[in-house]
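This is what each chain is made of:
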Amino acid sequence: MFWVQFFSRHASVQKILAISSVTRRTSKSVKHGRSVCLRSIFFNSVKYYPTKLVLGIETSCDDTAAAVVDDTGKILGEALHSQNEVHLKTGGIIPPVAQQLHRENIERIVKETLCVSGISLDELSAVATTVKPGLALSLGVGLEYSLKLVDKYKKPFIPIHHMEAHALTIRLINQVEFPFLVLLISGGHCILVVAQGVSDFLLLGQSVDIAPGDMLDKVARRLSLTKHPECCKMSGGKAIEHLAQQGNRLHYELRAPMQHHRNCNFSFSGLHFNATRIIMQKEKEEGIFQSKIHTNCTPDLWLYLQKPLLLTISAGLQEGHLLSCVTDIAAAVQHAVALHIVQRTHRAILFCIKSGILSQTNATLVVSGGVASNQYILRALQIVTDATNFNLLCPPPRLCTDNGVMIAWNGIERMRAGLGVLHSTDGIRYEPKASLGIDISEQVGEVAIKVPSLEVSLNELATINL
Ligand code: KG4
Ligand code: ZN
C-alpha cells in the first residue's frame, strides 16, 4: 500500500524534493545541535502492523543519529545530534572531541528515536549500526553502545558499511531496481560505483587524495567564512554554495583536475592548492595578512611548502578578515568542483554503457552524500544525464547528509536479502578504512574513454541564477 502510494520513479530533482516533503511529514524534524520529538499524525490515526522494524545507529563521523524504519520503508522516527557547530569553532573535526560528544548524546538520541517511533526495544527486529569506514573513536562509541543493546535485549545485529548505506538510501524513496550507477560525494568520500545488489558493488573510481566536501570545508575555512554574517553556521560546502550564487566564477580561472587521466578517479588536493594560491594573492592585494603564519611566510614560500604541511597550516587558520571577492572565489571553486565531478561521472556512464554493465535505456544515476545537496552540482549532473538518457535521482538533502534513517534502511535491505544479520556478535570490530565493492577502476582507465565536451551547456549553467 505504502509503496503504491508513495514510491514512483522521478527523473527530476524537483520531483524528488517533492517526495521528500511527503516523507518528512511522517518523521521528526532535525535541527543542527538539537533534536525535536514529533509524533506523526499518520501513525496516531492508523493501526499499523509492520513485520520488520530496524533501529539504525550512526556515529561514523560527527553526527550522532538514530532512526527506526520498517520493512515498507516507512520512517517511524528519527533523531540527530549534529556536532557541526562545535567543529566549525575548532576549525575541523578533532576526533577525541567528536568521541566525547557521541558519548554524551548517543543514549538520548536513541531514546528520543524510540519515543518518536512509539516503539519499545523489545519490538525491534534488529539493530543496525555503522561499523565502517569512519573515525575510529567515533565508530567505537556507536558500536559499543549497540553491542550492549543487542546483548541486553537479545536482538540480531547488522553491521553496516556507511557508504553502502548512502548508496542504497534512494531505494527508500524511489522504486529503483539494481543495477544502477551511484556517485557518492561527501566530506570523507568520493566514489563512483555500480550497485548490482544490496551488498554487490563494482568500484569504477574514487578520489586519490581528499574528498570534495573536505576540500570545500578547507577553502571555506581559509576564506574565514564562519565570519561571514550570512553563513556563520553553515558547513563549508553549504557556505561556498550560498556565496557562489552571488559571485562570478569567470573572475578566476580554476581548471578541473586530471584532464589527461582518462579514468574515473578524482583528485581535489590540486584544486585546494590552486584556490589557496588565489586567496593568498588576493590577501596580498587587499593587505590582509592577519595570522602569525602569514606574517612569517611570504606567498611564494607557501607554494614551496610540502602539501601535508600546507594543508595543516591552512586548516588551522581561523583568523583573518573576509576578502572582498569571496563570492567570486566561491563561484570559481564550486564550478571547478562541479566540472571535475561531472567529467568523471560522464566517463563512468559511457563506460557502463560500452561494457554492457548498464543498459542504454532506462538506466539510473543516483547521487548521494553531503555534497549532493549542492544544487549547482546537481544541475551540472543533470546536463550529463540528459545528454546520455539516464535518470538522475538524489535523496532529499536531509537523507544525503549523514543520518540514522539510511543505516536503519540498510538494515532492512540486508534483512530482506538475508545478508549479514548476526545472531552472535563475537569478534565484531569497527574498521576505520574499508573499500566498497570489487575494484575495476584499472579496467576503466584502460578503456580510456574520451568524454565529449559539454562545456557550452556547463557555461550556460554558470550564468543561471540558481
Ligand atoms: O555525508 P556528510 O554529511 O558526511 C560525511 O562526510 O560522511 O557530508 C558532509 C560534507 C561536508 O564536507 C559539507 O561541507 C558538505 O558535505 N556539504 C556540502 C553542502 N552541504 C554539505 N557541500 C557542497 N554544497 C552543499 N550544499
Ligand atoms: Zn556520510
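Throughout what follows, the structure given in this document is the object of discussion. These numbers come from a predicted model, not from an experiment.

## Observations regarding the sheet that holds strand S10 (residues 200-206)
Item 1. Sheet architecture is open: six strands sit in the order S12-S11-S8-S9-S10-S13, paired in mixed fashion. Each edge of the sheet is formed by a strand with only one pairing partner; in this case those strands are strand S12 (391-393) and strand S13 (438-439).
Item 2. Relative to S13, S10 is paired through two bridges, and the arrangement is parallel. The residue bridging Leu202 from the neighbouring strand is Ile438, located in S13.
Item 3. Contacting strand S8 (180-185), strand S11 (364-368) and S12, helix H16 (residues 375-388) crosses the sheet at an angle of about 160 degrees to S12.

## Observations regarding the pattern of salt bridges
Item 1. Applying the stated criterion to the full structure yields twelve salt bridges.
Item 2. Close ionic contact of Glu413 with Arg171 constitutes a salt bridge, the shortest N to O distance being 2.6 Å. One end of the pair, Glu413, is in helix H18 (residues 404-417); the other, Arg171, is in helix H8 (residues 170-173), and 242 residues separate them in sequence.
Item 3. Look at Glu413 and you get buried, because its relative accessible area is 2%.
Item 4. Accessibility expressed as a relative area gives 13% for Arg171, which makes it buried.

## So, a nonpolar patch on the surface
Item 1. Judged by side-chain polarity, Val86, Ile94 and Val97 come together as a nonpolar surface patch covering roughly 180 Å² of accessible area.
Item 2. Tracing the sequence through the fold places Val97 in helix H5 (residues 95-117).

## Regarding the sheet that holds strand S5 (residues 75-82)
Item 1. The strand order across the open sheet built from five strands is S5-S4-S3-S6-S7, with neighbouring strands paired in mixed fashion. Two strands close off the open sheet at either side, each with one partner strand: S5 and strand S7 (157-161). Taking the axes of each pair of neighbouring strands and ignoring which way they run, one obtains an average angle of 20 degrees across the sheet.
Item 2. By the bridge criterion, four bridges tie strand S3 (residues 53-58) to strand S6 (residues 126-132) in an arrangement that is parallel. Across the sheet, Gly56 pairs through a bridge with Ala128, a residue of S6.
Item 3. Sheet strands in contact with helix H6 (residues 136-153) are S3, S6 and S7, and its direction is about 155 degrees off that of S6.

## Remarks on the pairing of S11
Item 1. For S11, the buried fraction is high: five of the five residues fall into the buried class.
Item 2. Burial along S11 is two-sided: Thr364, Val366 and Ser368 and Leu365 and Val367, pointing in opposite directions, are all buried.
Item 3. Relative to S12, S11 runs parallel, the two sharing three bridges. Pairing of Val366 across the sheet is with Leu393, part of S12.
Item 4. For the crossover from S11 across H16 to S12, the handedness is right-handed.

## Considering the packing of helix H15 (residues 326-354) against H16
Item 1. Interaxial distance between H15 and H16 falls to 9 Å at its minimum, and their mutual angle equals 30 degrees. The angle between the axes of H15 and H16 places the two elements in the roughly parallel class. In the packing of H15 onto H16, the handedness of the crossing is right-handed. Mapping the contact onto sequence places Gln334, His335, Val337, Ala338, Ile341, Val342, Thr345, His346, Ile349 and Leu350 in H15 and Tyr376, Ile377, Ala380, Leu381, Val384, Thr385 and Thr388 in H16.

## Things to note about the site of ligand 1
Item 1. Contacts to ligand 1 come from 21 residues, most closely from Gly187, Asp217, Gly237, Glu241 and Gly370.
Item 2. Gly187 places a main-chain nitrogen or oxygen 2.7 Å from an oxygen atom of ligand 1.
Item 3. A distance of 3.5 Å is found between an oxygen atom of ligand 1 and a side-chain nitrogen or oxygen belonging to Ser235.
Item 4. When the free accessible area of ligand 1 is taken as 550 Å², the share hidden by the protein chains comes to 90%.
Item 5. At the level of elements, helix H7 (162-168), helix H9 (212-222) and helix H10 (236-244) are the ones that each hand at least two residues to the shell around ligand 1.
Item 6. Of all the elements, H10 adds the most residues to the shell around ligand 1, at four residues.

## So, the pairing of S5
Item 1. The buried fraction of S5 is high, at eight of eight residues.
Item 2. Relative to S5, strand S4 (residues 63-70) runs antiparallel, the two sharing seven bridges. Paired with Ala67 across the two strands is Glu78, which belongs to S5.
Item 3. As consecutive antiparallel partners, S4 and S5 are separated by four residues, and within that stretch Gly73 has a phi angle of approximately 90 degrees, a positive value.

What counts as what
Residues numbered from 1 in each chain as written. Chains lettered and ligands numbered in written order. Predicted model: local features only at pLDDT ≥ 70, side-chain atom pairs only at ≥ 80, totals over all residues. Heavy atoms only, no water. Pairing = 2+ DSSP bridges. Helix = DSSP H or I, 4+ residues; strand = E, 2+ residues; numbered from the N terminus. Contact = heavy atoms within 4.5 Å. Axes fitted to C-alpha atoms, helices over the stretch in contact; angles between N-to-C directions. Salt bridge = Lys/Arg side-chain N within 4 Å of Asp/Glu carboxyl O. Buried < 20%, exposed > 50% of the residue type's maximum accessible area, 1.4 Å probe, protein only. Patch = residues over 30% accessible without salt bridge, like charges linked within 9 Å, V, L, I, M, F, W, Y side chains within 5 Å. Areas by Shrake-Rupley, 256 points an atom, 1.4 Å probe, with all protein chains shown as cover. Right-handed = clockwise from strand over helix to strand, strands pointing away. Parallel < 35°, antiparallel > 145°, perpendicular 65-115°, else oblique. Left-handed = near helix turned anticlockwise from the far one by under 90°. Near = heavy atom within 4 Å. Polar contact = N/O pair within 3.5 Å; in protein donor to acceptor, adjacent residues only side chain to side chain.

Taken by themselves, the reported measurements are silent on function.
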